[in-house]
Amino acid sequence: MRTKMNNFSTIPTFHFQDQEVACHFTKLNQYQHLKDNLSQPPRFTTLRCNTLKENAGEILKKVNSELTATKSGHSFKAALHPVLTDLIVITNSGPVHREPVSKEVIVDRLCGMAVLRGSDVFASGLLAMSPSICRGDKVSLYVDLSSTCLRGSLPPYKFKKVYLGNGTSHFNRHEVFSSSTTLSGIGISVEEPLYISPKLNNFLPDLVFPQNLPSCICAHVLDPQPGETVLDMCAAPGGKTCHIGTLMQNSGVLIALDKAKKKMDTLKSNLLKSGCTIAQVYYQDASKSVQDGSSNGCIYLFYIC
């Protein structure tokens, strides 16, 4: 699959690289439906409740209270999912028409996707900026679709870029690209996004975990019970692992393996934050963890990718 977007476009065009796949979905009369949905960010933001700390109903009240108190200029209303009762759903909206300004900031694809989901831009995600940008300036955000933008590049930009909305710069260009100090924190506050979603940075971190709906479904399909033994063979960064521990009500054994050493600290941090105390974390390639022989008892193998 591939998406294409033109400058200043709010809705990308979409096509399959494999024509056989395209023909298959065309015959099923599903091609246009796929194009419409895969060309836009999700219509809902989903938050998984940490029911080890509090019941979902009480967490929902706090989420709505926090959304009301947020001075974003946008109105959001959260509700519990009708089937997955530990999941809170918030309706997003857009696209909204925005007028680009002359001062430009370039970000990479991952950062661009986060902006489309309601995030601000952190200083570490800034790839390029117009030379005249100062603190407090209104800027237009673009994503580099070609992945060829070099850090600190100056316009004119020849790569394919797509407009994401407008925001306010927290740094001038020199601070970002010429300073010997590593910057942290928010680099661009996005006040005029194309798609309206709640900003979730440090949003009730002990009570909710932002997680896409398909990821939330995984642990419910597994249906782990208190007292059981579960092996998570690809655990980092830990969202689904924490969910498993929550559904087990912190009773039993949860073994969490991952071969990505850089992600282990995030996995441990998420488990600690969630209050999951039954997890045993190991830096280990699960595909090389099988040992010949039989053992008594039962274990779930839950491969998460």
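Conventions adopted
- Residues numbered from 1 in each chain as written.
- Predicted model: local features only at pLDDT ≥ 70, side-chain atom pairs only at ≥ 80, totals over all residues.
- Heavy atoms only, no water.
- Buried < 20%, exposed > 50% of the residue type's maximum accessible area, 1.4 Å probe, protein only.
- Helix = DSSP H or I, 4+ residues; strand = E, 2+ residues; numbered from the N terminus.
- Arc of directions from axis to C-beta.
- Contact = heavy atoms within 4.5 Å.
- Pairing = 2+ DSSP bridges.
- Axes fitted to C-alpha atoms, helices over the stretch in contact; angles between N-to-C directions.

A. Quick look at helix H8 (residues 264–274). Considered for burial, the residues of H8 that qualify are Met 264, Leu 267, Asn 270, Leu 271 and Ser 274. For H8, the arc enclosing every buried residue in end-on projection is 130 degrees, short of the 170-degree limit, so these residues lie on one face. Within H8, the exposed residues directed more than 90 degrees away from the buried face are Asp 265 and Leu 272. Against strand E12 (208–210), helix H7 (239–247), strand E14 (253–258) and strand E15 (279–283) lie the buried residues of H8. In the segment just after H8, Gly 275 is the residue with positive phi, at about 85 degrees.

B. Just the sheet that holds strand E5 (residues 87–91), in detail. Strand order in this open sheet of four strands is E4-E5-E3-E12, and the pairing throughout is antiparallel. If you trace the sheet from one side to the other, it starts and ends with strand E4 (78–80) and E12, each paired once. Averaged over neighbouring strand pairs, the angle between their axes works out to 30 degrees when direction is ignored. Examined bridge by bridge, strand E3 (residues 44–49) and E5 share five bridges and lie antiparallel to one another. Each bridged residue has a counterpart across the sheet, and for Leu 47 the counterpart in E5 is Ile 88.

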